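Residue strings, one per chain:
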Amino acid sequence: IKVVQNELFEALGYYLNSVEYFDEGNFMRKLGDVLLVIGNIYITQANYPKALEYYQKGLVIADSLNLVKMISYFYNNMGELYYNLGQFDNAINSYNRVMEIHRDKNDSIKQADVHSSLSTVYMKMDNIEKAREHLDQAFFIYEKSASNQDLVIAYKTKASLEMKND
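Scoring rules and cut-offs
- Residues numbered from 1 in each chain as written.
- Predicted model: local features only at pLDDT ≥ 70, side-chain atom pairs only at ≥ 80, totals over all residues.
- Heavy atoms only, no water.
- Salt bridge = Lys/Arg side-chain N within 4 Å of Asp/Glu carboxyl O.
- Helix = DSSP H or I, 4+ residues; strand = E, 2+ residues; numbered from the N terminus.
- Core = buried A, V, L, I, M, F, W, Y, C linked by side-chain atoms within 4.5 Å.
- Buried < 20%, exposed > 50% of the residue type's maximum accessible area, 1.4 Å probe, protein only.
- Contact = heavy atoms within 4.5 Å.
- Expected span 1.5 Å × (residues − 1).

Taken as a whole and assessed by the stated rule, the structure comprises two salt bridges. For the salt bridge of Glu-53 with Lys-50, the shortest nitrogen-to-oxygen distance reads 3.5 Å. A residue pair is termed a helical-turn pair when its members lie 3 or 4 positions apart in one helix, as Glu-53 and Lys-50 do in helix α3 (residues 48-65) at three residues. By sharing partners, the salt bridges in this structure join Lys-50, Glu-53 and Lys-57 into a single network.

Encoded structure:
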């Protein structure tokens, strides 16, 4: 509730206090959820080193419990974090891990989302060819799924790519 009310500092305190509780009580799955939220709060505060620290701790837990969906969340958020830090190779590696997970699950919409994210990274790196390749993949999937909201986002990315290409 505190996160929704945008009282992030207070919410962060509650979540940090809950880490010890969940860790001592051996509620590892819940601890993974809490570490993800803490990382997300640090991201909104642009405290990327702290966000990464909590994502990495949570990823260890998610891996140990084989929580595939949670693993994809951690890698996706780490991709965004690395992108924001300008560590594009790390962002690509993180997004590729997410892609592997969604390929294994045959989740085409999530794959399209990752293609869109990868397109943005490659665009920032001025690798227009790779950016276009991933954006085309995203379009192909979104058009098949008739996901209008996702298509709008992809079109915005395409417009940015075309402007950069000119």
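Turning next to the nonpolar core. One finds Tyr-55, Phe-74, Leu-81 and Leu-118 to be the most contacted residues of the largest nonpolar core, which totals 36 residues. Of all the secondary structure elements, the ones that give two or more residues to this core are α2 (28-44), α3, α4 (68-85), α5 (88-104) and α6 (108-124). Among residues more than four places away in sequence, those in contact with Phe-74 are Gly-32, Leu-35, Leu-36, Tyr-54, Tyr-55, Gly-58, Leu-59 and Ala-62.

Before going further, it helps to examine α2. The terminal C-alpha atoms of α2 lie 24 Å apart, and with 17 residues this matches the ideal 24 Å at 1.5 Å per residue to within 8%. Taken together, the buried positions of α2 are Leu-31, Gly-32, Val-34, Leu-35, Leu-36, Ile-38, Gly-39, Ile-41, Tyr-42 and Ile-43. Ala-46 occupies a position one or two residues after α2 and carries a positive phi of about 60°.

Another point: α5. With 17 residues, α5 ought to run about 24 Å at 1.5 Å a step, and its terminal C-alpha atoms sit 24 Å apart, in line with that. Of all the residues in α5, the buried ones are Phe-88, Ala-91, Ile-92, Ser-94, Tyr-95, Val-98, Met-99, Ile-101 and His-102. A positive phi of about 55° marks Asn-106, the residue just after α5.

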